[in-house]
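# Results of the structural survey
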Amino acid sequence: MNLTQKIIKSHLVSGNMNAGEEISIRIDQTLTQDSTGTMAYLQFKATGVDKVKTERSVAYIDHNMLQASQLNADDHAYIQTVALSHGIYVSKPGNGICHQVHLERFGKPGKTLLGSDSHTPTGGGIGMLAIGAGGLDVALAMGGAPFYLIMPKVVNIELKGNLRKGVTAKDVILKVLEILTTSGGVGKVMEYTGEGVKYLTVPERATITNMGAELGATTSVFPSDETTREFLVAQGRESDFVSLTADADATYDEHIVIDLDNLAPLAACPHSPGNVKPISELEGKKVDQICIGSCTNSSYLDLMKVARILKGKTVSPNVSLTVSPGSRQVLTMLAENGALADIISSGARILECACGPCIGNGQSPKQDAVSLRTFNRNFYNRTGTPSANVYLVSPETAAVSALTGVITSPAGVDFADVEMPEKFLINDNLILKPEDFDNVEIVRGDNIKPFPKSKALAETLTGEALIKLGDDITTDHIMPSNASLLAYRSNVPYLSDYCLSNCDKEFPARAKKLGGGFIIAGSNYGQGSSREHAALVPLYLGIKAVVAKSFARIHKDNLMNNGIIPLVFENASDYDKISQGDKLRIDNAIDSVKARKFTLINESTGDKIPLRLECGDRQQNMLVVGGSLNSIKH
Ligand code: MIC
Ligand code: SF4
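As the structure is a prediction and not an experimental result, all values here were calculated from the model.

It helps to recall that an α-helix has 3.6 residues per turn; residues three or four apart then point in one direction. Taken as a whole, helix H8 (residues 226-234) has its buried residues at Thr227, Thr228, Phe231, Leu232 and Ala234. Along the axis of H8, the buried residues cluster in a sector spanning 160°; they form a single face. Near the N-terminus of H8, the side chain that reaches the backbone nitrogen of threonine 227, with its oxygen 3.1 Å away, is that of aspartate 225.

A word on the site of ligand 2. Every residue near ligand 2 is listed here: His63, His99, Asp117, His119, Ser294, Cys295, Cys355, Cys358, Ile359, Asn376 and Arg382. Among the cavities detected, the one that contains ligand 2 is the largest cavity. Residue classes in the shell around ligand 2 are distributed as four nonpolar, five polar and two charged.

All right, on to the packing of helix H19 (residues 553-561) against helix H21 (residues 617-625) then. Remark: H19 packs on H21, axes separated minimally by 9 Å, with the N-to-C direction vectors making an angle of 45°. The pairing of H19 with H21 is recorded here as oblique in orientation. Of the residues in H21, those in contact with Asp557, Met560 and Asn561 of H19 are Gln619, Met622 and Leu623.

Surveying the vicinity of ligand 1 reveals 14 residues, the closest of which are Ser35, Asp117, Ser118, Ser530 and Arg531. One of the side-chain nitrogen or oxygen atoms of arginine 382 is found 2.8 Å away from an oxygen atom of ligand 1. The cavity that encloses ligand 1 is the largest cavity. Among the residues making up the shell around ligand 1, the classes are represented as one nonpolar, eight polar and five charged.

Let us look at the environment of alanine 141. Looking at where alanine 141 falls in the secondary structure, it is placed in helix H5 (residues 135-142). Judged by its relative accessible area of 3%, alanine 141 is buried. A sequence separation of 405 residues divides alanine 141 from valine 546, and the C-alpha atoms of the two residues are 26 Å apart. The contact partners of alanine 141, leaving out residues within four places of it in the chain, are Ile27, Thr30, Thr54 and Leu114.

Mapped onto the fold, aspartate 497 is located in the loop between helix H16 (492-495) and helix H17 (507-514). Residue aspartate 497 is classed as partly exposed on the basis of its relative accessible area, which comes to 43%. For the pair aspartate 497 and leucine 140, spaced 357 residues apart in sequence, the C-alpha separation works out to 29 Å. The contact partners of aspartate 497, leaving out residues within four places of it in the chain, are Pro508 and Lys512. Within the local environment of aspartate 497, its side chain forms a polar contact with the side chain of lysine 512, the two groups lying 2.6 Å apart.

Attention now goes to the sheet that holds strand S22 (residues 517-520). Strand order in the closed barrel formed by seven strands is S21-S22-S23-S24-S27-S26-S25, with mixed pairing between adjacent strands. For this sheet, the mean angle separating the axes of adjacent strands, direction not counted, is 35°. Here strand S25 (residues 583-586) pairs with strand S26 (residues 597-602) via three bridges, running antiparallel. Opposite arginine 585, over in S26, you have isoleucine 601 as the bridge partner. Lying over the sheet, H17 contacts strand S21 (461-468), S22 and strand S23 (543-548), oriented at roughly 165° with respect to S21.

To continue, consider the sheet that holds strand S10 (residues 188-193). Strand order in the open sheet formed by four strands is S11-S10-S9-S12, with parallel pairing between adjacent strands. If you trace the sheet from one side to the other, it starts and ends with strand S11 (219-221) and strand S12 (254-259), each paired once. Across the sheet, the axes of successive neighbouring strands diverge by a mean angle of 20°, strand direction being ignored. Relative to S10, strand S9 (residues 153-160) runs parallel, the two being bridged by six bridges. Its bridge partner lying in S10, valine 155 is registered against methionine 190. Helix-sheet contacts for helix H6 (residues 169-180) involve S9, S10 and S12, and the interaxial angle to S12 is about 135°.

Moving on to unusual backbone geometry. The omega angle of the peptide bond from proline 270 to histidine 271 is -10°, so this bond is cis rather than trans. Of note in this structure, glutamine 67 is not a glycine but carries a positive phi near 50°. Checked against the element boundaries, glutamine 67 lands in the loop between strand S4 (56-60) and helix H3 (70-85). Under the relative-accessibility criterion, glutamine 67 is labelled partly exposed at 42%. The backbone phi angle of aspartate 368 is positive, close to 60°, even though this residue is not glycine.

Gaps between atoms show up when a probe of the same size as a water molecule is rolled over them. In this model, the largest pocket occupies a volume close to 690 Å³. Lining the largest pocket are 30 residues, and of these Tyr199, Thr201, Glu204, Leu301 and Val418 sit closest to its centre. Elements with a contribution of two residues or more to the lining of the largest pocket: helix H7 (202-211), H8 and helix H10 (300-310). Approximately 510 Å³ is the volume attributed to the second largest pocket. Secondary-structure elements contributing two or more residues to the lining of the second largest pocket are strand S8 (147-150) and H19. The dominant element in the lining of the second largest pocket, judged by the number of residues it contributes, is H19, at four residues. The class makeup of the residues in the lining of the second largest pocket is 11 nonpolar, five polar and nine charged.

Parameters and conventions
- Residues numbered from 1 in each chain as written.
- Chains lettered and ligands numbered in written order.
- Predicted model: local features only at pLDDT ≥ 70, side-chain atom pairs only at ≥ 80, totals over all residues.
- Heavy atoms only, no water.
- Buried < 20%, exposed > 50% of the residue type's maximum accessible area, 1.4 Å probe, protein only.
- Helix = DSSP H or I, 4+ residues; strand = E, 2+ residues; numbered from the N terminus.
- Arc of directions from axis to C-beta.
- Polar contact = N/O pair within 3.5 Å; in protein donor to acceptor, adjacent residues only side chain to side chain.
- Near = heavy atom within 4 Å.
- 1 Å grid on protein atoms, 1.4 Å probe; cavity = no way out; pocket = protein on both sides within 12 Å on 5 of 7 lines; lining within 4 Å.
- Sits in = over half its atoms within 2 Å of the grid points.
- Nonpolar A, V, L, I, M, F, W, Y, C, P; charged D, E, K, R; others polar.
- Axes fitted to C-alpha atoms, helices over the stretch in contact; angles between N-to-C directions.
- Parallel < 35°, antiparallel > 145°, perpendicular 65-115°, else oblique.
- Contact = heavy atoms within 4.5 Å.
- Pairing = 2+ DSSP bridges.
- Points joined across faces, edges and corners; volume = space filled by probe spheres on them.

In structure tokens form, the structure reads like this:
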């Protein structure tokens, strides 16, 4: 067996491990973050379960930190109190980004982790099967329910050789994105093997598994080996180590070889992580802003390299450079060894240990800016500046370019090597343990509104094609997140006025006026975030079905969990037979769900369009009763 199969087998609750069939697995650990957490905890409460049933569940507060009004602090207080009262650990604001902290303090090789954030696969860097999901799925897993997924195909990514100086783990995952594109991982797990693995530290492996989310993959995983053991020893957690690798005769569904020796620095160009070009083709482009950080590239190792490059130098006059350390552990270590002083002295602005600019929570660049970011997503308008162009690069490329003011390759730049520490600085005093608190009173501020409830499926679905979208629509298009909207993540009615506003500002008003209808889309609809709001808000607006050429995994599950039917064109060319404003009808919806075959009648043109529903038996039943929570009540 390969490693993916081994971990799945040891957690299998139902189903057969044949790629494409629905299985369910036991979840050992969960994580939530604040911008998906408030909803997830409201949903957890709706299950009626008192204490979580997992080995470890952690609620992180890391996304929404601006506190420009009381709203953010209301969310933080709700999460802290609701989590502690249900047996969940809390990582307080300032402790760091969920994925970085989880890797440092909680992740265990061979365990399963379900997180209400699409970059949960970061845990694959330490040999976990770590999967991102909507808040409702995470809420159910906290309550002890298994997690349902389609048994993935397993892609072997074999790493040959070793990286040259200036070429990084970020360039490895950018290469994989160049090969597979942003939908090439759907229904698959990326499993890394080969001699190159042993040269990659755990944080570097985590960069690769983190950004594997951009492939649309179920997750990505590295073996747990001597390097993993050393990392856990350095985190004071040697007892959490187990050795895990694929069998020598393991088989895979696909095989990709990446020759690390020949890799060059790369960048993902606007507006997709899959739009990859060599840095050599971009060199000399003037840069206005550089942001170093995010769950992809903010480890001790990353920021030490940045400090070495910046030491004794000054950031270019045209560039605004920000650095957000991934965790308080990283920040404190940099402070203690003097590297922080080197970064500050260069003219960089130090932000708190949080997602910050990555989710558009501050640092929106100026009009038409070129922004270099070490993050994982450069979707249109994610920065909050629609005209900005974001390039995703490694911390080395970012630091070197900050000094020159133009995109510059770090290959050949001389800076002192950085070693992994033998001991990390361990201070868990910002992690609250539920066992230390009795009778916690849940604090629920006015901003925290109930989540919308879906109804049982009607026999006939009618409505207009409210909008017709192209390919690769992201959840940042469907439910934008920026500094002004993030504070309303627990207020679906408020958010509904911004649904799809990145595509068409009139959409929310139209949907409200017409009492809902259909969304028509191209391929890979819903790529990106796990935010369930991209389903809850359409549910609130009365969206009955989304008809697309194909869907991204997490968003499709979120739609079904909330009773919205994700339908796929039987013939992709039928996409052309629907225009915005056409009157659409589906008869016999319940039987169609059971048959997984639908006929969409376009009353405006007379066309009858065959559609299919790609889902398992469980999801069929769920759609009929109107979503996951209704199904559980039944
Ligand atoms: C993201 O990187 O897009 C986010 C913000 O972390 C999201 C979660 C969210 O929208 O709250 C994700 O990756 O799932
Ligand atoms: Fe936070 Fe950005 Fe990572 Fe999402 S991708 S968890 S916003 S740092």
